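Given next are the chains, with one letter for each unit.
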Amino acid sequence: MDKEVQLSSVHDAADEEIASNEISQQSQRRKGGLITMPFIIANEALARMASLGLLPNMITYLMGSYRLHLGKATQILLLSSAASNFTPVVGAFIADSYLGRFLGVGLGSAVSFLGMTLLWLTAMFPQARPPTCNHQTGGCKSATKAQMAVLLSAFGLMSIGNGGLSCSLAFGADQVNRKDNPNNHRVLEIFFSWYYAFTVIGILVGLLGIVYIQDHLGWKIGFGVPAALMLLSTILFLLASPLYVKITKRTTLFTGFAQVTVAAFKNRKFQLPSQNSAEFYHHNKDSDLLVPTDRLRFMNRACVIMDREQDIALDGTAKNPWRLCTVDQVEELKAIVRVIPLWSTGIMMSLNIGGSFGLLQAKSLDRHISSHFEVPAGSFSVIMVGAIFIWIVLYDRVLIPLASKIRGKPVRINPKTRMGIGLFFSFLHLVTSATFESIRRKKAIKEGYLNDPHGVLKMSAMWLAPQLCIGGIAEAFNGIGQNEFYYTEFPRSMSSVAASLGGLGMAAGNLVSSFVFNTIENVTSKGGKRGWITDNINQGRFDKYYWVIAGVSALNIVYFLVCSWAYGPTVDQVSKATTEENGSKEEDLTEFKNVNPLFDDKGSDETSSKEKELTEFKNSGQVEKVYKSSEESG
């Protein structure tokens, strides 16, 4: 009797929870949509405008105001960039597990504003910087530990804030992602493309406007404008708070991954069920994942029910989550493990010679568009950003519709293929850069500027445009491909983590760049020789540096092909194959009806001896079809 009362109370509580969840879901469905897009995209565009507008001239600020040498200043910027690209992973885990994506973006915006304000204060107060050099004595004091601490704190706050801002992409996708929409994949693709495009517009304005302000109005206004833009970005995002879809479900991913690992190890001696049936596996009641996938099968032991009475509580949960996990937990860990090899190929996209070199290279060239206007050296990266934006528009609005019209059916390049195309263009970008630097250096020596780092060659800086355009196309292919690949391949509970993996690749690329930078500098200057890396780029051999990275990029393409083959088909490819298979079966059925007059829809129940039911369920984003046959008794 007590058990019946207890069981009844459990059922009542479960019914109340289900009812409350349904009400919550209905209220969430009324929110979100296109009305939220201007606020989310404006937040991201303004934030990127402010943060990336600071970067091009930062090497000049560090070498000029803080008396740092090229090598040390480059190391600081590379490590700061690595931190800015690593914190999104931590921010994504915290957002998905505890805070939620809305609070993640809001707090990230506020912390970024504090970091930019602190950087602006270093320009406002002379006490925050080393004193100006004494030209009479020829002495220049370096920055004190306290002054460097303030400067590095500003970089640190901006890096932490970027960790929260990285959830913006996944948060925006939550507003338009609808499972009941048959064109959901296309809607997400359009959202990713235009989100990326408007972010690029913000970066363009930052690279042109903020760099110009810094060059002509000084650091005080040049750092004050980005801080003001970051404040506006934060206010706009918070204003639309009542309109957003806010996912309230919390998943402790770190704990879940640990539980799956421990449970799989404890159950390693158990045999997996011979039948892949849902009754043998522990899953959430409202989960779309009923059975685990066949990939990485050794992890499936973590969710196998050995003894239902001992393993499952009355409310349907596991009595010991460190011995029995859900199918969702297993598939989340599988998603991370499976994607690591392909993710590692994207590190090459951020392996570069250091952002400082591009600025010094542009300064050595003629940057005059007319006799009265000279393009700031820090603004030349706008060519790459412009190429990204133009290619996105051409790809989404011209090339894909034209190809679809020619073939007579929708044409779409899957994300994994776009990632590979981006890596190939990245290789071409490095080869072009190495070739141009070799030509530029020879011309500098010919014109007598070997010992003059400030000399301006009789060579237009627009010769930088081809390599920058190729680099932009590479980023457009690989960057958007990575974002869509991670988002579609991962469970929805890991959306923020998926959105942050691209940034994690950039962080790894910056760290590898820093390692390669130090290694080449130490190896080539060993024995008192003049190394490849010097403050005078005409004496250095940065062209050889580019050729080394280009060789690594070629090997990375081969590595990508191997990883792509090992990964197998993506969710989109499986869905496309399933759709084509269904279409062919429907055509065969139609032809059978036309040639067989005895077959019709009304008499099918009488003439057929079996009735087939088609049950579809999602398993880690892949659609599996199960045909059930039942003999008719009549």
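Source: prediction; values computed, not measured. (Residues numbered from 1 in each chain as written. Predicted model: local features only at pLDDT ≥ 70, side-chain atom pairs only at ≥ 80, totals over all residues. Heavy atoms only, no water.)

Next up on the list: the overall build of the protein chain. A count of helices and strands for the protein chain gives 20 helices and 2 strands. Looking at the 634 residues of the protein chain, the share that counts as buried comes to 48%. Within the protein chain, counting contacts between residues at least 6 apart in sequence, those at least 24 apart form 79% of the total. In the form shown here, the protein chain has an accessible surface area of approximately 32100 Å², with 63% of it arising from carbon and sulfur atoms. (Helix = DSSP H or I, 4+ residues; strand = E, 2+ residues; numbered from the N terminus. Buried < 20%, exposed > 50% of the residue type's maximum accessible area, 1.4 Å probe, protein only. Contact = heavy atoms within 4.5 Å. Areas by Shrake-Rupley, 256 points an atom, 1.4 Å probe, with all protein chains shown as cover.)

Once that is clear, we can look at the state of the cysteines. For the structure on display, the rule yields 0 disulfides. Of the cysteine sulfurs around Cys-325, a residue in no disulfide, the closest is that of Cys-303, at 7.9 Å. (Disulfide = S-S within 2.5 Å.)

Applying the stated criterion to the full structure yields 3 cavities of 30 Å³ or more. In this structure, the second largest cavity encloses a volume near 70 Å³. Taken together, Ser-193, Trp-391, Ile-392, Tyr-395, Arg-418, Ala-476, Phe-477 and Ile-480 make up the full set of residues lining the second largest cavity. A breakdown of the residues in the lining of the second largest cavity according to their chemical character gives 6 nonpolar, 1 polar and 1 charged. (1 Å grid on protein atoms, 1.4 Å probe; cavity = no way out; pocket = protein on both sides within 12 Å on 5 of 7 lines; lining within 4 Å. Points joined across faces, edges and corners; volume = space filled by probe spheres on them. Nonpolar A, V, L, I, M, F, W, Y, C, P; charged D, E, K, R; others polar.)

Turning next to a nonpolar patch on the surface. A contiguous nonpolar surface patch, about 630 Å² in accessible area, is contributed by Phe-86, Val-90, Ile-94, Tyr-98, Leu-99, Leu-103 and Leu-107. Put simply, the parts of the chain that give the nonpolar patch at least two residues each are helix H4 (70–99) and helix H5 (101–124). Looking at the nonpolar patch, the element that brings in the most residues is H4, giving 5 residues. Turning to its location among the elements, Phe-86 is positioned in helix H4. (Patch = residues over 30% accessible without salt bridge, like charges linked within 9 Å, V, L, I, M, F, W, Y side chains within 5 Å. Salt bridge = Lys/Arg side-chain N within 4 Å of Asp/Glu carboxyl O.)

This brings us to helix H16 (residues 465–489). A rise of 1.5 Å per residue sets the reference length of H16, with its 25 residues, at 36 Å; its end C-alpha atoms lie 36 Å apart and thus fit the reference within 8%. Of all 25 residues in H16, 21 are buried; the element is thus mostly enclosed. (Expected span 1.5 Å × (residues − 1).)

Another aspect to go through is the packing of aromatic side chains. For the structure shown, the criterion picks out 17 aromatic pairs. Judged by centre distance (5.8 Å) and plane angle (50°), the ring pair of Phe-102 and Tyr-244 falls under tilted. Note that Phe-102 is positioned in helix H5 and Tyr-244 in the loop between helix H9 (219–239) and helix H10 (253–266), a separation of 142 residues in sequence. Using a relative accessible area of 16% as the deciding quantity, one classes Phe-102 as buried. (Phe/Tyr/Trp six-rings, centres within 6.5 Å; stacked < 30°, edge-to-face > 60°.)

So, on to the environment of Ser-553. If you trace the backbone, Ser-553 turns up in helix H18 (residues 542–567). Along the sequence, Ser-553 and Phe-427 sit 126 residues apart, while their C-alpha atoms lie 5.6 Å from each other. Beyond its immediate stretch of four places on either side in the chain, Ser-553 contacts Met-348, Leu-423, Ser-426, Phe-427 and Leu-430.

Below, the discussion takes up the packing of helix H3 (residues 58–65) against H4. Where H3 contacts H4, the axes come no closer than 10 Å and their chain directions differ by 135°. By the angle class used here, H3 and H4 are oblique. Our pair here, H3 against H4, has a crossing hand that is right-handed. Between H3 and H4, the residues in contact are Met-58, Ile-59, Leu-62 and Met-63 and Leu-70, Ala-73, Thr-74, Ile-76 and Leu-77, respectively. (Axes fitted to C-alpha atoms, helices over the stretch in contact; angles between N-to-C directions. Parallel < 35°, antiparallel > 145°, perpendicular 65-115°, else oblique. Left-handed = near helix turned anticlockwise from the far one by under 90°.)

Here we take up the packing of helix H2 (residues 37–54) against helix H7 (residues 168–176). For the pair H2 and H7, the least separation of the axes is 10 Å and the interaxial angle reads 170°. Judged by the angle between their axes, H2 and H7 are roughly antiparallel. Residues Met-37, Ile-40, Asn-43 and Glu-44 of H2 lie in contact with H7, whose contacting residues are Ser-168, Phe-171, Gly-172, Gln-175 and Val-176.

What follows deals with the side chain of Arg-441. Within the secondary structure, Arg-441 sits in helix H15 (residues 415–446). Comment: no salt bridge for buried Arg-441; closest opposite-charge side chain is Asp-543, at 5.4 Å. Each residue touching Arg-441, except ones within four places of it in the same chain, is listed here: Asn-538, Gln-539, Gly-540 and Arg-541. (Lys, Arg positive; Asp, Glu negative; His and termini not counted.)

Applying the stated criterion across every chain yields a total of 7 salt bridges. One salt bridge connects Glu-484 with Arg-418, and the closest N-O pair in it is separated by 2.8 Å. In this pair, Glu-484 sits in helix H16 while Arg-418 sits in helix H15, placing the two residues 66 residues apart along the sequence. Overall, the relative accessible area of 3% leaves Arg-418 in the buried class. Measuring nitrogen to oxygen at the nearest pair gives 2.9 Å for the salt bridge that ties Glu-437 to Arg-440. With Glu-437 and Arg-440 both in helix H15 and 3 residues apart, this pair spans about one turn of that helix. A relative accessible area of 0% places Glu-437 in the buried class.

Now for the side chain of Gln-75. Turning to its location among the elements, Gln-75 is positioned in helix H4. In contact with Gln-75, not counting residues within four places along its chain, are Ser-514, Phe-517 and Asn-518.

This part takes up the environment of Gly-202. Position of Gly-202 among the secondary structure elements: in helix H8 (residues 184–217). With relative accessibility at 2%, the residue Gly-202 sits in the buried group. Through-space distance from the C-alpha of Gly-202 to that of Ala-45 is 4.7 Å; in sequence the pair is 157 residues apart. Among residues more than four places away in sequence, those in contact with Gly-202 are Ala-45 and Met-49.

For the rest of this paragraph, the subject is the confidence of the model for the protein chain. Reading predicted coordinates in detail is not appropriate for stretches of low pLDDT. Of the residues in the protein chain, 79% reach a pLDDT of 70 or more, and the chain-wide mean stands at 76. Below pLDDT 50 for its whole length, residues 595–634 participates in 51 contacts with residues either more than four positions away or in separate chains. (pLDDT = per-residue confidence, 0-100.)

On to the nonpolar core, then. Counting residues in hydrophobic clusters, the biggest one holds 91 residues, and the most contacted among them are Met-58, Leu-62, Leu-119, Phe-191 and Tyr-545. Top contributing element to this core by residue count: H8, with 10 residues. With near-sequence residues (within four places) excluded, Leu-119 lies in contact with Leu-54, Met-58, Tyr-61, Leu-151, Ala-154, Met-158 and Phe-223. Formed by 40 residues, the second largest nonpolar core is a distinct cluster that contains Cys-303, Leu-333, Phe-485 and Met-494. (Core = buried A, V, L, I, M, F, W, Y, C linked by side-chain atoms within 4.5 Å.)

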